[in-house]
Amino acid sequence: MALQSATTIVLIVLDDLGRSDIGYTGSGIATPTLDHLAAGGTQLSAYYVQRACSPSRAALLTGRYPTRYGFQSGVLEPRKPYGLSLSETLLPQRLGALGYATHAVGKWHLGFYSWEHTPTFRGFESFLGYYTGYEDYYQHQQGGAIDLRHDEGPRCGANCSQVLWEARGEYSTHIFTRRATDVIRSTPAATPLFLYLAYQAVHCPAQAPESYIRKYNFSNHERNVFAGMLSAADEGIANVTKALRAARDFERTLIIVTTDNGAPTTGCGGAQGGQNWPWRGGKCSAWDGGLLGIAFVYGPGVGVRKNATLGHLAHLVDMYPTILDFAISRPTSAPLPLDGISLLPALRSGAAPAARGEVLLEADPYAFPLSGRTWGGDEHATPYYAIRRGRYKLIIGDPGIPGILDAYYCTGPPCPASHDNARNASAYPRLASTSVQLFDVGGDDPYEAHDLAPKSPDLVRELTRRLVALNASAVSSAGQGLPDDPAADPAKHNGTISPWVVQASKEESYLSST
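Our subject in this report is the structure included herewith. (Residues numbered from 1 in each chain as written. Predicted model: local features only at pLDDT ≥ 70, side-chain atom pairs only at ≥ 80, totals over all residues. Heavy atoms only, no water.)

**With respect to the pairing of strand β11 (residues 253–259)**
Within β11, 7 of the 7 residues are buried, which leaves it mostly tucked inside the rest of the structure. Side chains Thr253, Ile255, Val257 and Thr259 of β11 all project onto a buried face; the interleaved residues Leu254, Ile256 and Thr258 project onto the opposite face, where all are buried too. Relative to β11, strand β1 (residues 8–14) is paired through 7 bridges, and the arrangement is parallel. The residue bridging Thr8 from the neighbouring strand is Thr253, located in β11. Two elements, β11 and strand β12 (residues 295–298), share 4 bridges in a ladder whose sense is antiparallel. In the strand pairing of β12, Ile256 is matched with Val297. (Buried < 20%, exposed > 50% of the residue type's maximum accessible area, 1.4 Å probe, protein only. Helix = DSSP H or I, 4+ residues; strand = E, 2+ residues; numbered from the N terminus. Pairing = 2+ DSSP bridges.)

**Examining the pattern of salt bridges**
Considering all chains together, one arrives at 22 salt bridges under this definition. Between Asp318 and Arg356 there is a salt bridge; the shortest N-O distance is 2.6 Å. Of this pair, Asp318 sits in the loop between β14 (314–315) and α8 (319–326) while Arg356 sits in the loop between α9 (344–348) and β15 (358–364), and the two are 38 residues apart along the sequence. Neither Asp318 nor Arg356 differs from the other in exposure class; each is buried. Glu358 is the partner of Arg466 in a salt bridge, and the nearest nitrogen-oxygen pair spans 2.8 Å. With Arg466 in helix α11 (residues 457–471) and Glu358 in strand β15, this pair connects stretches of sequence that are 108 residues apart. Salt bridges sharing common partners tie together Asp15, Arg57, Lys107 and Asp260. (Salt bridge = Lys/Arg side-chain N within 4 Å of Asp/Glu carboxyl O.)

**Quick word on the sheet that holds strand β8 (residues 149–152)**
Strand order in the open sheet formed by 10 strands is β9-β8-β5-β4-β10-β1-β11-β12-β2-β13, and the pairing between neighbours is mixed. Of all the strands in the sheet, just β9 (162–163) and β13 (308–310) have a single pairing partner and so form its edges. Bridging between strand β4 (residues 101–107) and strand β5 (residues 126–130) involves 5 bridges; their strand directions are parallel. If you follow Ala104 over to β5, its bridge partner there is Phe127. On top of the sheet, helix α4 (residues 172–186) reaches β4, β5, β8 and β10 (193–198); it is set at about 180 degrees to β10, its chief contact. This element, α8, spans β1, β2 (42–44) and β11 of the sheet and lies at about 170 degrees to β11. (Contact = heavy atoms within 4.5 Å. Axes fitted to C-alpha atoms, helices over the stretch in contact; angles between N-to-C directions.)

**Let's talk about the packing of aromatic side chains**
As enumerated under the stated definition, the model contains 18 aromatic pairs in all. When the centroid spacing of 5.7 Å and the interplanar angle of 25 degrees are considered together, the rings of Phe112 and Tyr131 count as stacked. One end of the pair, Phe112, is in the loop between β4 and β5; the other, Tyr131, is in the loop between β5 and β6 (141–142), with 19 residues separating them in the sequence. Judged by relative accessible area, which is 1%, Tyr131 ranks as buried. Between Tyr138 and Tyr171, the ring centres sit 5.2 Å apart and the planes meet at 40 degrees, which makes this aromatic pair tilted. With Tyr138 in the loop between β5 and β6 and Tyr171 in the loop between β9 and α4, the pair connects residues that are 33 residues apart, well separated along the chain. On the accessibility criterion, Tyr138 (24% relative accessible area) is partly exposed. Put simply, the rings of Phe112, Tyr113, Trp115, Phe127, Tyr131 and Trp500 pair up and form one aromatic cluster. (Phe/Tyr/Trp six-rings, centres within 6.5 Å; stacked < 30°, edge-to-face > 60°.)

**Side note on the packing of helix α1 (residues 32–39) against helix α6 (residues 221–247)**
Two numbers describe how α1 lies on α6: the axes approach to 7 Å, and their chain directions differ by 60 degrees. Overall, the two elements α1 and α6 adopt an arrangement that is oblique. Here Pro32, Thr33, Leu34 and Leu37 of α1 lie close against α6, whose contacting residues are Leu230, Asp234, Ile237, Ala238 and Thr241. The residue inventory of the contact of α1 with α6, partitioned by class, reads 6 nonpolar, 2 polar and 1 charged. (Parallel < 35°, antiparallel > 145°, perpendicular 65-115°, else oblique. Nonpolar A, V, L, I, M, F, W, Y, C, P; charged D, E, K, R; others polar.)

**Focus: the sheet that holds strand β18 (residues 436–439)**
Pairing is antiparallel in the open sheet, where 4 strands are placed in the order β15-β16-β17-β18. This sheet does not close on itself; its edge strands, each paired only once, are β15 and β18. Sheet twist, expressed as the average angle between the axes of neighbouring strands with direction ignored, equals 10 degrees. Pairing analysis gives 6 bridges linking β15 to strand β16 (residues 384–389), with the strands arranged antiparallel. Paired with Asp364 across the bridge in β16 is Tyr384.

**With respect to the nonpolar core**
Leu95, Phe194, Tyr196 and Leu254 are the most contacted members of the largest nonpolar core, which has 86 residues in total. By residue number, the principal contributor to this core is α8, which donates 5 residues. In contact with Tyr196, not counting residues within four places along its chain, are Leu11, Val13, Arg57, Leu60, Leu61, His103, Ala104, Val105, Lys107 and Phe124. Within the second largest apolar cluster, 51 residues are counted, among which are Phe176, Tyr216, Leu230 and Val240. (Core = buried A, V, L, I, M, F, W, Y, C linked by side-chain atoms within 4.5 Å.)

Next up, the structure:
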């Protein structure tokens, strides 16, 4: 009997979710829906993401490393005239061409300086969410300007996009869940559906309704608020799956849940109570606490293995071809070469060989303030580069910021109560742009505690040569350090976060002159 394709595909991103946050990791946080879906599907245990929001979302929706289009230098700040290159063909464009209805809900963070960079110009038929990287969960404001929109219909621009002023005061997780369930119920059952649900949760600021927070009594109050945020998201996903069962053919449904990066520490990225312990580092860094993501794939009706763990090396870029392989028909060849490799064979069969042997993790030539540009958001101490091949991971430069971002950070169970973040942060030496470190992360040293570089010069040289080769074709990310554009000031747009450039050519003209 031939395996069925997926007529419904739901891609869920939980923002800044750490390695030790979901209930099944021993966190003590109640996430029954996520636990159930993970147990009923395949967990990815060697799955890498990018260090922060924008590059991860770009990798996810393009199937290509951020070095391919100049998005490798951190998060995109809201007043910079830059965005994900319009030459990239995004996943919803490919699925739309196959007949899927395509809808986006939640966080965008891939650029909005022109309308052409916003979701409904990039393959989505509708979008309800926010364009920037973070905001208040209730007022939906960043810096006093509102950023919550409903863009209904393809190419919904200046005369179409609606600012949701009336939503002020309502918790964003509830707004996004309601919109997701509305999309599911309103899409004709015979129409294939792709839903991209990028929750604001569990990004900072740490905010949740008191009814969720009071369920927890961790010694760290911030962890209690975080737990409430995650519980609200888990409840939302329960409502989404309930709607899927009621309105769609659930046997032909594929659900993917992924983080975009590790949990932040107090060193960078907006600490909100999440954690990655016992993995080292966190968001903004090239330690595995920042890059080794938590993810699982659920879809027993379309052949995804139940109660399974996939230990093969994988990366965010692999989700693009994997989803296309589960689709109702074979797409035409990709307009641009993909870095992603489909995980479908391994998700369906434990006997399938590993799809890849290496992952490019980081190749960022800029650092703040060393580069003399206005880099912000997830700044790091030096330019740095990282690659994993097989068991081994090579890092060149300082993969974090001196202090806790180069150490081990805890906020609650399963981390032992005796762990002291401040003492731990002071225990590690300051690194430099010339630092070279090698770790056996796939073998005896998953938590990057023992540097093998001094004893393995041949392997260091081999991996360095590979990094140089991969970086040789990198597109400049200088545009991510452009000065803020005064024209983006929300005061000039009725107090809203809004596109402000008529022609989307500024990024290309800037890069061609650097």
